[in-house]
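Structural description and commentary
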Amino acid sequence: MMLEILPETRDNILAVRVRDKLTIPDFDQYRNMVRDLMLKNKETHIYYEMVDVDWINPVAAIENGMFDVIHGLNYGRVAMVGEKKWQEWSARLASTVKKHGIRYYDLAEKENAMKYVLEGEE
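All of the points below concern the structure found in this document. Here the structure is a predicted model, which is why all the values come from computation and not from measurement. (Residues numbered from 1 in each chain as written. Predicted model: local features only at pLDDT ≥ 70, side-chain atom pairs only at ≥ 80, totals over all residues. Heavy atoms only, no water.)

As a further point, take helix H4 (residues 110–119). Among the residues of H4, Ala 113, Met 114, Tyr 116 and Val 117 are the ones counted as buried. Along H4, the residues classed as buried sweep out an arc of 155° about the axis, all on the same side. Buried residues belonging to H4 abut strand S2 (13–22), strand S3 (44–56), strand S4 (75–82) and strand S5 (103–106). Phi turns positive one or two residues past the end of H4, at Gly 120, with a value near 80°. (Buried < 20%, exposed > 50% of the residue type's maximum accessible area, 1.4 Å probe, protein only. Helix = DSSP H or I, 4+ residues; strand = E, 2+ residues; numbered from the N terminus. Arc of directions from axis to C-beta. Contact = heavy atoms within 4.5 Å.)

Structural data, given as structure tokens:
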């Protein structure tokens, strides 16, 4: 997997693009970045874009879900951008434990997703 930190990352905003397969080390790196931002900020806003992701390590997904449950109130605006129906379903499931939920966008709408995370508007 490739975890790419996007240039919009700054202050209390983490913007990432992930590709291929999501493994335990990938999730660990991502969670560490989120945790660091949460320690410094009241709310952390996340832009999470998935491109050509076809496999997620189930243990890593469960660990990530538990992290979200514990830290749900520390999340601000969260946008997940994807291209597959299962990604939209996972966003809906994870949305239930985040303070403001997760807004899911198709890949073609990624500019709107980024605008929501950065400015709070679409």
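Time to look at the packing of aromatic side chains. In the structure shown here, the tally under the stated rule is one aromatic pair. Plain terms: the ring middles of Tyr 30 and Tyr 48 are 5.1 Å apart, the flat faces sit at 70° to each other, and that makes the pair edge-to-face. Of this pair, Tyr 30 sits in helix H1 (residues 24–40) while Tyr 48 sits in strand S3; the two residues are 18 residues apart in sequence, bridging distant segments of the chain. For the pair formed by Tyr 30 and Tyr 48, the shared burial category is buried. Looking at Lys 98, its charged tip hangs above the ring of Tyr 75, at a distance of 4.6 Å from the centre. (Phe/Tyr/Trp six-rings, centres within 6.5 Å; stacked < 30°, edge-to-face > 60°. Lys NZ or Arg CZ within 6 Å of the ring centre and 35° of its normal.)

Right, let's get into the sheet that holds S5. Strands sit in the order S1-S2-S3-S4-S5 across an open sheet of five strands; the sheet is mixed. Two strands lie at the open edges of the sheet, namely strand S1 (2–5) and S5, each paired on one side alone. The sheet shows a mean angle of 20° between the axes of neighbouring strands, direction not considered. Strands S1, S2, S3 and S4 of the sheet are contacted by H1, whose axis makes an angle of about 170° with S2. Here H4 sits on the sheet in contact with S2, S3, S4 and S5, set at roughly 170° to S4. (Pairing = 2+ DSSP bridges. Axes fitted to C-alpha atoms, helices over the stretch in contact; angles between N-to-C directions.)

Remember that the coordinates give geometry; whether it matters functionally is a separate question.
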